[in-house]
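# Commentary on secondary and tertiary structure
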Amino acid sequence: MRPLVPLAALAALTLAAPLSAKVADLAVPDGTLSDVAIAVARATDATIVIADPAVARRKVPGIRGRMNADAAVRRIARASGLRAVKVAPGAWRLVAPPPAPRPRPAPAPRPAIAPPPETQGQEITVIASKRDMRLTDLAAQATLLDGAVLELGGVGGTERITRRSAAVSSTYLGSGRNKLFIRGIADSSFTGPTQATVGQYLGDLRLSYNAPDPDLRLSDMERVEILEGPQGTLYGAGSLGGIIRLVPRAPEPGETSLVLSGGASAIQNGEPGGDAHATLNLPVAGETATLRANFDAASLGGYIDKPLIGARDVNRTRILAGRAALRVEIGPDWRADLMVIGQDTEADDSQYADRRGARLVNSAHVAEGSRARYGQAQAVVTGRIGALHFKSSTGIAGQRLSERYDATAPGAAPRLFEQRNRTRMIANETRLWQPLDGAFGWVLGSSIVDNSTTLTRALGPEGEQLASTGVRNTVFEITGYGEASYRIAPDLVATAGLRVTDVALGGAGEDVAPMLALAGREITARRHETATLPSASLLGRIGANARAYVRYQEGFRPGGLAVAGDFVRQFRSDRARTIELGGGWGLPGRGAFDIGLSLSYTRWRDIQADFIDIGGLPTTANIGDGRIIAASLSGSVRIAAGLRGELGATLNDSKVDEPAFLTFERLSRIPNIARFAGRAGLAWQRDFASGTRLSVDGWASYVGKSRLGIGPELGDLQGDYLDSGVTLRFGRENAGLTLSLTNLADAEGNRFALGTPFATGREQVTPLQPRTIRIGFDSRF
């Protein structure tokens, strides 16, 4: 629907302007035309008026540098294709340029409308750099995934990221239960007490500390940023492989809008499904306070049969999710953002099948399933003090995961294993920074994390399970960090950083006999660890489009407690040190051609990993030292007008060269990481004279062979499959219809060779979801 106020108010640009607007140091990030103009007007004491609501919503590049209002407005006008009209001292109006004279039409068939020209030359700012670094100044491999592209064909979860990036891989136990890996740094198949190797963030706050990927719905996202790791200096513990940062769209002041989308799907030889999404943007106090709310619901059809319990298509998954954000402008250049997010993911049964049996058939004796619930609330204060930027983020997160596994022994009565994981995390990060707009840029920050995780277990006949040993881990972490960049020469940037973290570790056994708890009190006693994580890099630009860099970085994970038989045992912290060579040409998705590549060597000490103990239960230990050599490549090329091709690939070679004890003598490679993975994509679009557009987006990805886990019990191979899909959209900008088809070849594959750790003599696979078709719609009001 149209804004309820004139767009001059929507843009919040009608500010009282002095007779002579001041000169200001601008560091305005990319955004809508109204957002960029608001920031420039406030910084330069100018008045900027935009008359057209549709124009104000255009995406434009940010403005950086020291300049007065006149120069800044001219840059905004050039970037947006508008004309700046000066209406008074210190006041401008942005209007569409006059149309070119129309030539007399020749008698000919109606011509095809060429696709819009690609945006070129606009700088890309990487928010995950924590100081608004331009991509061309960042000495790291960064992947930026546009939120609108991730939503194409319906809202999805983390699988949309793994489809778009060859560097990110995952286990496949099910939604809300998986572990993510980047750059070949993977520990094991299970989610135990070890901290994740990939840091996941929503805005500035991590989603969790040592819990599985919550698989949040990627709806109404501005973009997703992936930084290959380690990223220890800026992000600390749990970023050995890198970080994935979700950047949600911010509330838009002065605009009232509603977005609706949904669809219905059908799985070949499976059940139908459906999904729905809504986003509401609503001013609640003029342009001072704005609410943005999202709602998602999905019912994903099942396709696995369990004949031993007389059930078909057992693995339906239901997802309910919501997010609400309130932005309050608390003063010039200062604002507060409040956000609440929640998601409930419930799977009726497991999604694995027998390796040797009929396709998509599981011979388990009981109903298996899971329920994952996630919630987070955060408050963020952002502002500027002259040329300095300030941000403080505080939040609390809770995650609960309940899982059921078939634990039936061969020839015995049905038996069920239940596991519950409860996590609570409170975190704050505060930082002050100056962007690298001139010769020098820096960031100083601190963070506090208080995390508690409790794992409980029960085993036995269904309804009669007896509690078995569990474990509780507590972590209290205090950190200070800093990083600075200096432009040695116009095309040469040196960066160095340091992070110092003090970690207090504690915990106890759960459901442990009192005498055992007393005897093991020294094991569970509170203890401290201190980690120092330095980093350094050197980046040089070669000509106008090329860049190359060398980087050194470290990462670590603190130790903890793990179940060991009837009690618990300690495992030590581990640490990764990486040296990387990389570079690129052009900006991703821009111009005729772009490419990014890197080669890294990682030394990983005291690797923490989960494995199966002699009782058939998952446990954790330090398995030894290892090394990883990884290479990655990504790029795109403009093949023709409106047609662009994409390519990405990773190569990994790993070795665990000092096994800690005989159980792991068979281990030679890091688990769950394929030696080779690659993807290719094609995107095409065409505009028609009626104002409609046809877009086609196709992709194919290949995942090579990898080993399931640690130890001989988890030695099965997995991977070596090809997945593919295509999505078509036809319509206008404010409404359209979509048609999607995934797993075009209806391949079975084996994404993950584990469904239950108790399946003695029953090899398992996790097949691809069979060929699926979805018909959907999207509309904007």
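As the structure is a computational prediction, the values presented were derived from the model and not from experiment.

## Some details on the side chain of threonine 692
- Here threonine 692 is to be found in the loop between strand E39 (676-687) and strand E40 (693-703).
- A distance of 2.9 Å separates a polar atom in the side chain of threonine 692 from a polar atom in the side chain of serine 690.

## Remarks on the sheet that holds strand E14 (residues 205-206)
- Read across the open sheet, the five strands follow the order E10-E15-E16-E13-E14; overall the sheet is mixed. Two strands lie at the open edges of the sheet, namely strand E10 (142-146) and E14, each paired on one side alone.
- As judged from the two bridges shared by strand E13 (residues 198-202) and E14, these two strands associate in the antiparallel manner. Bridge pairing links leucine 202 to leucine 205 in E14.

## Section: the packing of aromatic side chains
- In total, this model carries six aromatic pairs according to the counting rule given.
- Taking the centre distance of 6.2 Å and the plane angle of 40° together, the rings of tyrosine 405 and phenylalanine 417 count as tilted. Placement of tyrosine 405 in strand E24 (residues 388-406) and of phenylalanine 417 in strand E25 (residues 416-434) is noted, with a sequence separation of twelve residues between them.
- Linked through ring pairs, Tyr405, Phe417 and Phe758 together constitute an aromatic cluster.
- Over the ring of tyrosine 235 we find lysine 130, and its NZ or CZ is 4.3 Å from the ring centre.
- A cation over an aromatic ring shows up here: arginine 431 above the ring of tryptophan 433, its NZ or CZ 4.8 Å from the ring centre.

## So, the confidence of the model for the protein chain
- Looking at the protein chain, the pLDDT average stands at 86 and 87% of residues meet or exceed 70.
- Overall, residues 1-21 carries pLDDT values under 50, and its contacts beyond four positions in sequence, including any with other chains, amount to 64 contacts.
- Here residues 661-666 scores under 50 on pLDDT; set against residues more than four positions off or in separate chains, the count is ten contacts.

## A closer look at the pattern of salt bridges
- If you walk through the whole model with that rule in mind, you get 53 salt bridges.
- We note a salt bridge from arginine 487 to aspartate 137, for which the minimum N-O separation is 3.3 Å. One end of the pair, arginine 487, is in strand E27 (residues 466-489); the other, aspartate 137, is in the loop between strand E9 (133-134) and E10, with 350 residues separating them in the sequence. Residues arginine 487 and aspartate 137 agree in their burial class; the two are buried.
- In this structure, arginine 335 engages aspartate 337 in a salt bridge whose closest nitrogen and oxygen atoms are separated by 3.4 Å.
- In the salt-bridge network here, residues are joined through shared partners; they are Lys130, Asp204, Arg245, Lys391, Glu429 and Arg431.

Cut-offs applied
Residues numbered from 1 in each chain as written. Predicted model: local features only at pLDDT ≥ 70, side-chain atom pairs only at ≥ 80, totals over all residues. Heavy atoms only, no water. Helix = DSSP H or I, 4+ residues; strand = E, 2+ residues; numbered from the N terminus. Polar contact = N/O pair within 3.5 Å; in protein donor to acceptor, adjacent residues only side chain to side chain. Pairing = 2+ DSSP bridges. Phe/Tyr/Trp six-rings, centres within 6.5 Å; stacked < 30°, edge-to-face > 60°. Lys NZ or Arg CZ within 6 Å of the ring centre and 35° of its normal. pLDDT = per-residue confidence, 0-100. Contact = heavy atoms within 4.5 Å. Salt bridge = Lys/Arg side-chain N within 4 Å of Asp/Glu carboxyl O. Buried < 20%, exposed > 50% of the residue type's maximum accessible area, 1.4 Å probe, protein only.

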